[in-house]
Amino acid sequence: MPSLFKKIPQSSPPSNVREKKLPLIPRSERQGFFLLFTFMTALGWIGGGIASLALEKIMRENIPAYFAQNDFLWFRIAKLIATSLFALIFAADQSIPLSKYISGWSWMFATAIGWLVGNTVSTAWITYISSMAPSTNQISPQAAIFFQILPTAAYIFSGLWLGLLQWLVLRKHVKGGWWWNFVPSISYFFISISILLISLFQNFIPAIHRDMTLFLLTQGLTALILAVIPAIAFCRLRKTVNC
């Protein structure tokens, strides 16, 4: 006797749908991306630095009457606004070559906020460490070196804030990109090493040109490292697509 209840076939996921990991930056576009990202990062560093310094100078020279009795507070506000301007310009320039692969707006805001948070945290820690450090005449050479390393460590670890906020954007577009959290700190580490090497050889630079040469070398290497290391990291990221 035929059954009155027929089995309804259960739908199963199609077996031919597979996930495939592809580079976020296609191999054929990596060279162009690397050059453009490096150029825009350096441009953002230089342009943002000039704009923020100019804005801070203007604000310091024009203290509102309300802050006339407390110019220190106004200088803190001017520094914060100038740093915010720098962060926005720097992040906006980076987002231009990235907008083809991820959300440019999300990257811009995440980078700007991460830069501000990291800069604020590192500045607070460096100020605290400097206030806690005793005079070098009262401590051993080993302790003096320790207190000199601490501010650098605070600067390096502040990159974790920037990496975290950038990763929150990248995780929507890539798979297995958790290691991006450490990319800014790696950049900061190499910047610190570069500045140390420059300081070791500064006596070989003629005194008349030393200050300007050191400034240009420091800023140039910083911009280059902040561009090259993330650019290489972007080329290592993978995205997942269904095929």
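Before going into details, it helps to say that this report is about the structure given with it. (Residues numbered from 1 in each chain as written. Predicted model: local features only at pLDDT ≥ 70, side-chain atom pairs only at ≥ 80, totals over all residues. Heavy atoms only, no water.)

## A short note on the side chain of Asp93
Right, so step 1: Looking at the element boundaries, Asp93 is found in helix 2 (residues 71–98).
Right, so step 2: This buried residue, Asp93, is left without a salt bridge; Lys100 holds the nearest opposite charge, at 19 Å.
Right, so step 3: Each residue touching Asp93, except ones within four places of it in the same chain, is listed here: Met40, Leu43 and Gly44. (Helix = DSSP H or I, 4+ residues; strand = E, 2+ residues; numbered from the N terminus. Buried < 20%, exposed > 50% of the residue type's maximum accessible area, 1.4 Å probe, protein only. Lys, Arg positive; Asp, Glu negative; His and termini not counted. Salt bridge = Lys/Arg side-chain N within 4 Å of Asp/Glu carboxyl O. Contact = heavy atoms within 4.5 Å.)

## Description of the pattern of salt bridges
Side chains that differ in charge, positive against negative, can pair when their charged atoms come close.
Right, so step 1: Taken as a whole, this structure holds four salt bridges when the rule is applied.
Right, so step 2: The partner of Glu56 in a salt bridge is Arg60, and the shortest N-O contact between them spans 3.3 Å. You can see Glu56 and its partner Arg60 sitting in helix 1 (residues 30–61), four residues apart, about one turn around the helix.
Right, so step 3: A relative accessible area of 37% means that Arg60 is categorised as partly exposed.
Right, so step 4: With a shortest N-O distance of 3.9 Å, Glu56 and Lys79 are connected by a salt bridge. One end of the pair, Glu56, is in helix 1; the other, Lys79, is in helix 2, and 23 residues separate them in sequence.
Right, so step 5: Overall, the relative accessible area of 45% leaves Lys79 in the partly exposed class.
Right, so step 6: Salt bridges linked by common partners bring Glu56, Arg60 and Lys79 together as one network.

## Quick notes on the environment of Trp180
Right, so step 1: Along the chain, Trp180 falls in the loop between helix 5 (159–170) and helix 6 (183–200).
Right, so step 2: The sequence separation of Trp180 and Leu165 amounts to 15 residues, and the corresponding C-alpha distance is 9.9 Å.
Right, so step 3: With near-sequence residues (within four places) excluded, Trp180 lies in contact with Trp107, Gly163, Gln166, Trp167, Leu170, Pro230, Ala233, Phe234 and Leu237.

## Quick look at the packing of helix 1 against helix 7 (residues 207–236)
Right, so step 1: Close contact between helix 1 and helix 7 brings their axes to 9 Å; oriented N to C, the two are set at 145°. In this structure, the crossing between helix 1 and helix 7 has a hand that is right-handed. Residue-level inspection shows Arg30, Phe33, Phe34, Phe37, Thr38, Thr41, Ala42 and Trp45 of helix 1 in contact with helix 7, the latter providing Gln219, Thr222, Ala223, Leu224, Leu226, Ala227, Val228, Pro230, Ala231, Ile232, Phe234 and Cys235.
Right, so step 2: In terms of residue class, the contact of helix 1 with helix 7 is made up of 15 nonpolar, four polar and one charged. (Axes fitted to C-alpha atoms, helices over the stretch in contact; angles between N-to-C directions. Left-handed = near helix turned anticlockwise from the far one by under 90°. Nonpolar A, V, L, I, M, F, W, Y, C, P; charged D, E, K, R; others polar.)

## Comments concerning the packing of aromatic side chains
Right, so step 1: One pass over the full model with this rule turns up 20 aromatic pairs.
Right, so step 2: Ring centres of Phe201 and Phe204 lie 6.0 Å apart, and the angle between their planes is 35°; on these two criteria the pair is classed as tilted.
Right, so step 3: For Phe204, a relative accessible area of 68% gives the class exposed.
Right, so step 4: Taken together, the aromatic side chains of Phe33, Phe37, Tyr101, Trp107, Trp179, Trp180 and Phe234 make up a single cluster linked through ring pairs.
Right, so step 5: We note Arg60 situated over the ring of Phe75; from NZ or CZ to the ring centre the distance is 4.4 Å.
Right, so step 6: When the ring centre of Trp167 is taken as reference, the NZ or CZ atom of Arg171 above it lies at 5.2 Å. (Phe/Tyr/Trp six-rings, centres within 6.5 Å; stacked < 30°, edge-to-face > 60°. Lys NZ or Arg CZ within 6 Å of the ring centre and 35° of its normal.)

## Describing the layout of surface pockets
Right, so step 1: Of the pockets and cavities examined, the largest pocket occupies roughly 1100 Å³.
Right, so step 2: Around the largest pocket, the lining is made up of 39 residues, and of these Trp45, Trp115, Tyr155, Gln219 and Thr222 lie nearest the centre.
Right, so step 3: Every element with two or more residues in the lining of the largest pocket is listed here: helix 1, helix 2, helix 3 (104–132), helix 4 (141–157), helix 6 and helix 7.
Right, so step 4: No other element matches helix 7, which puts eight residues into the lining of the largest pocket.
Right, so step 5: Looking at side-chain class alone, the lining of the largest pocket contains 22 nonpolar, 15 polar and two charged residues.
Right, so step 6: Reported here for the second largest pocket is a volume of approximately 390 Å³. (1 Å grid on protein atoms, 1.4 Å probe; cavity = no way out; pocket = protein on both sides within 12 Å on 5 of 7 lines; lining within 4 Å. Points joined across faces, edges and corners; volume = space filled by probe spheres on them.)

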